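Here is what each chain is made of, one letter per residue.
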Amino acid sequence: MPSWSRNWGCGCCMLALETRASPGHTPGCVTFVLNDHSMAFTGDALLIRGCGRTDFQQGCAKTLYHSVHEKIFTLPGDCLIYPAHDYHGLTVSTVEEERTLNPRLTLSCEEFVKVMDNLNLPKPQQIDFAVPANMRCGIQTPPS
């Protein structure tokens, strides 16, 4: 997926938001990065001290590892990371914190894939309903 940006702001402080493909949790995951590299909105690709699961909806652990390392961890260390959600009430981290403290993403790619392939997480309650809808851009019943 090519990157693109959207500019907005007054004439004195033009801001742009770059879209970086960061697949792995799902094939359509993206990360939005502010043009001065001060903030990144990572969706479910990179969470605070974690990452999105890769065991459904065409996820791929190896792809996620490379997405995070090549598209997010290459940002400056002080770049603020805002994930889509957090299960512990945390809202922000930094690239440097995640590069050095994330227990999954500090592993080698091979070790990361092994961990992700053996998480044995429970199946989400609505997964059989949500994934087919997600695969059709939210349309719950396919057109006839």
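The rules behind these values
- Residues numbered from 1 in each chain as written.
- Predicted model: local features only at pLDDT ≥ 70, side-chain atom pairs only at ≥ 80, totals over all residues.
- Heavy atoms only, no water.
- Buried < 20%, exposed > 50% of the residue type's maximum accessible area, 1.4 Å probe, protein only.
- Helix = DSSP H or I, 4+ residues; strand = E, 2+ residues; numbered from the N terminus.
- Pairing = 2+ DSSP bridges.
- Arc of directions from axis to C-beta.
- Contact = heavy atoms within 4.5 Å.

Where an unreviewed UniProt entry is consulted, the protein chain appears under the name Persulfide dioxygenase ETHE1, mitochondrial isoform X2, with the organism given as Ursus maritimus.

## Observations regarding the pairing of strand β7 (residues 80–83)
Residues I81 and P83 of β7 are buried on one face, while the alternating residues L80 and Y82, pointing to the opposite face, are not. Here two bridges tie β7 to strand β8 (residues 93–94), and the two strands are oriented antiparallel to one another. The residue bridging I81 from the neighbouring strand is S93, located in β8.

## Focus on helix α3 (residues 109–117)
Taken together, the buried positions of α3 are occupied by C109, F112 and M116. In an axial view of α3, the angular spread of the buried residues amounts to 60 degrees, which keeps them on one side of the axis. Exposed side of α3, more than 90 degrees from the buried face: E110, K114 and D117 are the residues found there. Close packing links the buried residues of α3 with β6 (50–51) and α1 (61–72).

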